[in-house]
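Geometric and topological summary
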Amino acid sequence: MTQETRSFQAEVSRLLDIVAHSLYSEKEIFLRELISNASDACDRLRYAALTEPALAEGDSDYRVVLTPDKGARTLTVADNGIGMNRDELIENLGTIARSGTAAFMNQLSGDARKDMGLIGQFGVGFYSAFMVAERVEVLSRKAGENEGWRWVSDGKGEFTIEPLPEARRGAEIIVHLREGEEEYLEPPRLRTIVKTYSDHIALPIVLNASGKEETINTASALWTRPRSEVTPEQYKEFYHHVGHSFDDPWLTLHNKAEGVLEYTNLLFVPSTKPFDLFDPERKSRLKLYVRRVFITDEGTDLVPPYLRFLRGIVDSEDLPLNISREMLQSNPMVARMRQQLTRRVLSELAKKAAEAPDEYANFWDNFGAVLKEGLYEDRDHRDELLALARYRSTARDGLVSFDDYLAAMRPGQDAIYTIHGDSLDVIKKSPQLEGFRARGVEVLLMTDPIDEFWIPAIGTYKEKPFKSATRGGVDLDKITPPEERKDEKPEAPAKLASLIAIFKLALGDAVKDVRISDRLTDSAVCLVADEGDMDMHLERLLKQHRQLDTASKRILELNPRHKLIERLAATVGETGASDQLSEFAWLLLDQARIVEGEQVPDPAAFARRLAHLLERGLPQAA
Ligand code: ADP
Ligand code: MG
């Protein structure tokens, strides 16, 4: 086979264009990326060789060697890890296989500075070499295979690939430096970069300059060092490496468990929200080691899914080295570690919530929706999770815990009131909240779909039931208003009753019922779900996801103190009033639907009625 020229996937070309033209000031991070990949490749071979020792070919002194060559203006990063075959070179270095990188591409703004920040956030890994390189060569042979390959690209849309029989096991990345980037040929500079970004790498990183080899990192796994000997900077760099993340860790949990189970955990909670949090294809960022040997980062079951935002490692002293990935799921030691780790993380979060509520609020905005999955998935930790939950509410600016809520309940109030919707701004303005506000009753604003699921599963908090403010069965009259609020009783109850009867007759099957409301103060009407029916927002949500194709009927509530309703009631009994009132019934029903964010089933009829009404409101033309 001879040399073959191929094009990068279009997205890669775009990405490379941004990388090459970026004004990013910290170009040196390309070296961290290449060393990080080399270290991953060694970890993967070390694991594979546990079950297939022949793969190591007698060379299991895993290491990364940096060789600057001033004559050739190249810096080579070589490893003796697992390597790549032809298909893998094409796939891994020519396409954006990682899910979510597409999401990154979508977020690009075209503003170089901002996009470079995004690159920081999403990580461009291998491609970062093109920040300093005019050309990159990759020589590689995959462990266990005979053929070697040479991949070359100038990062401008194409790469070539050809056989290279003499390629050594592992990968050699040869960075042909651009003019002006000579600093990466200087041993002192390379030492500083490695110390700064890669000291945590557990393998030796060897500098090979002027024929002399010198290990320039500490070369012991960071998590085996005592906490007091690890600087925040080192934790951060380690977090970047294991988490493939580029933000700062918000929380770092570095512990050694001794006792029945012996293990070390070094876990991080990110300070920003990863883009793939809800992507079912996301990669796990939690790695399992057994006595310093990397085992896997897939399906480790080390933490429950609702803690999937954690990044880091767990290194067990007890598990057998040859544990297969499949065996992990049923292993009782793994199950016990999961219990302990979960408890540790939750109690650490509780501490933060108490000590640093502002920071915690930021965490909650990022990961609250994920953590809440635990409320119905994990009975064992439900109480801890409930204590960690926070919501925005109608009564204050910041986040509210359920205990805060209970403490502010009004005399006579016996439930925790919630309202559900897609956006805070919209639900805050819901007419159904008017009566709650008037009585000083706080309502929790819930905008995560998950809230629709855990609440029915739990039902109560400290014996107080959760109740939706947009459903029947809310008895606001029992709750004492803050100051003596004079509830003017409607003037003519008999006429009001007739009005309701006329509305019911007119609307027929379109509604479940028409009632007097005690939850409205300013609006004339609103829709609510019947007490036993599904919450209106949940119903919309399920319909959107095609999980539901029937609709339950709503109750139309009328505000007896609203001027419009009063005047409509006053017309009851006048000649011709009935027909006119039926028209009003339909208009008000459609209006309530619109406020609710629902479709008007017959927009043409709505428009016709509205036009008719507007016309009647105008003075007669002469
Ligand atoms: P990431 O490391 O986040 O997966 P990179 O862009 O850094 O993304 O690398 C892309 C892929 O290329 C890696 O996932 C790996 O499969 C492969 N790769 C990169 N460098 C090496 C190497 N030195 N040895 C083996 N595979 C490598
Ligand atoms: Mg990488």
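Nothing here was measured: the structure is a model prediction, and the numbers come from that model.

1. Looking at the overall build of the protein
Summing up its helical and strand segments, the protein has 21 helices and 22 strands in all. A globule of 622 residues ought to have a C-alpha radius of gyration of about 25 Å, yet the protein, at 32 Å, is considerably larger. The C-alpha extent of the protein, read off along each of the three principal axes, is 105 × 65 × 40 Å. Taken across its 622 residues, the protein has 51% of its residues classed as buried. Nonlocal contacts in the protein, meaning residues at least 24 apart in sequence, comprise 72% of its contacts between residues at least 6 apart.

2. A few points about the pattern of salt bridges
A complete count under the given rule lists 50 salt bridges for this structure. One salt bridge in this structure joins R6 and E4, with 3.1 Å as the shortest N-O distance. Under the relative-accessibility criterion, R6 is labelled partly exposed at 31%. With a shortest N-O distance of 3.8 Å, R515 and D530 are connected by a salt bridge. Within this pair, whereas R515 is found in strand β20 (residues 513-516), its partner D530 is found in the loop between β21 (525-528) and α18 (536-544), the two being separated by 15 residues in sequence. Here R515 falls in the partly exposed class, since its relative accessible area comes to 31%. Residues joined in a network through salt bridges with shared partners are K504, K512, D513, R515, D530 and D533.

3. Notes on the packing of aromatic side chains
Under the counting rule described, the total for this entry stands at 23 aromatic pairs. A connected cluster of aromatic rings, assembled from ring pairs, spans W223, F238, Y239, F268, Y289 and F294. The ring of F294 is capped by K287, whose NZ or CZ atom sits 5.2 Å from the centre of that ring.

4. What to know about the side chain of S245
For S245, the position within the fold is in the loop between α7 (232-243) and β10 (249-257). With residues up to four places along the chain from it excluded, the contact list for S245 reads Y239, H240 and R311.

5. Let's talk about the sheet that holds strand β22 (residues 555-558)
One open sheet accounts for three strands, arranged β20-β22-β21; its pairing is mixed. Among the strands making up the open sheet, the edge pair consists of β20 and β21. Adjacent strand axes in the sheet meet at a mean angle of 30°, parallel and antiparallel pairs treated alike.

6. Here's the deal with the nonpolar core
Counting residues in hydrophobic clusters, the biggest one holds 69 residues, and the most contacted among them are F309, L349, F363, L371 and W454. Examining the composition of this core, we find that seven residues originate from one element, helix α9 (residues 332-355), more than from any other. Formed jointly, this core draws a minimum of three residues from each of two domains, domain 2 (224-359) and domain 3 (391-485). If near-sequence neighbours (up to four positions away) are discounted, L349 is found in contact with W250, L251, Y360, F363, L371 and L388. Within the second largest apolar cluster, 60 residues are counted, among which are L45, V175, L190 and L203.

7. A few points about the packing of helix α2 (residues 29-51) against helix α6 (residues 187-198)
When two helices pack together, their arrangement is captured by the angle between the axes and the distance separating the axes. Interaxial distance between α2 and α6 falls to 10 Å at its minimum, and their mutual angle equals 65°. Crossing of α2 against α6: the hand is right-handed. Contacts between α2 and α6 pair I29, L31, R32 and I35 from the former with L190, I193, V194, Y197 and S198 from the latter. For the contact of α2 with α6, the per-class residue count stands at seven nonpolar, one polar and one charged.

8. Let's talk about unusual backbone geometry
With a phi angle near 45°, H244 is a residue other than glycine that sits in the positive phi range. One can find H244 in the loop between α7 and β10. Classification of H244 by relative accessible area gives partly exposed; the value is 28%. Even without a glycine there, the phi angle at K462 is positive, about 45°. One can find K462 in the loop between β18 (460-461) and β19 (464-468).

9. With respect to the domain arrangement of the protein
What the domain assignment lists for the protein is domain 1 (4-218), domain 2 (224-359), domain 3 (391-485) and domain 4 (496-617). Just the C-alpha atoms count here: the centres of domain 1 and domain 2 sit 26 Å apart. On the side of domain 2, 22 residues touch domain 1, which itself brings 25 residues to the contact. For the pair domain 1 and domain 2, the two sides together bury roughly 2100 Å², of which 56% comes from carbon and sulfur. Our count for the contact surface shared by domain 1 and domain 2 stands at three salt bridges.

10. As for the sheet that holds strand β15 (residues 392-393)
Within the open sheet, the five strands sit side by side as β15-β17-β16-β19-β18. Their pairing is mixed. Across the chains shown, the open sheet's two edge strands, defined by having one partner strand only, are β15 and β18. As defined by bridge partners, strand β16 (residues 416-420) adjoins β19 across three bridges and the pair is classed as parallel. Bridge pairing in β19 links I416 to F466.

The rules we used
- Residues numbered from 1 in each chain as written.
- Chains lettered and ligands numbered in written order.
- Predicted model: local features only at pLDDT ≥ 70, side-chain atom pairs only at ≥ 80, totals over all residues.
- Heavy atoms only, no water.
- Helix = DSSP H or I, 4+ residues; strand = E, 2+ residues; numbered from the N terminus.
- Rg over C-alpha atoms; globule rule 2.2 N^0.38 Å.
- Buried < 20%, exposed > 50% of the residue type's maximum accessible area, 1.4 Å probe, protein only.
- Contact = heavy atoms within 4.5 Å.
- Salt bridge = Lys/Arg side-chain N within 4 Å of Asp/Glu carboxyl O.
- Phe/Tyr/Trp six-rings, centres within 6.5 Å; stacked < 30°, edge-to-face > 60°.
- Lys NZ or Arg CZ within 6 Å of the ring centre and 35° of its normal.
- Pairing = 2+ DSSP bridges.
- Axes fitted to C-alpha atoms, helices over the stretch in contact; angles between N-to-C directions.
- Core = buried A, V, L, I, M, F, W, Y, C linked by side-chain atoms within 4.5 Å.
- Domains from an automatic or database assignment.
- Left-handed = near helix turned anticlockwise from the far one by under 90°.
- Nonpolar A, V, L, I, M, F, W, Y, C, P; charged D, E, K, R; others polar.
- Buried area = accessible area lost by both parts, 1.4 Å probe.

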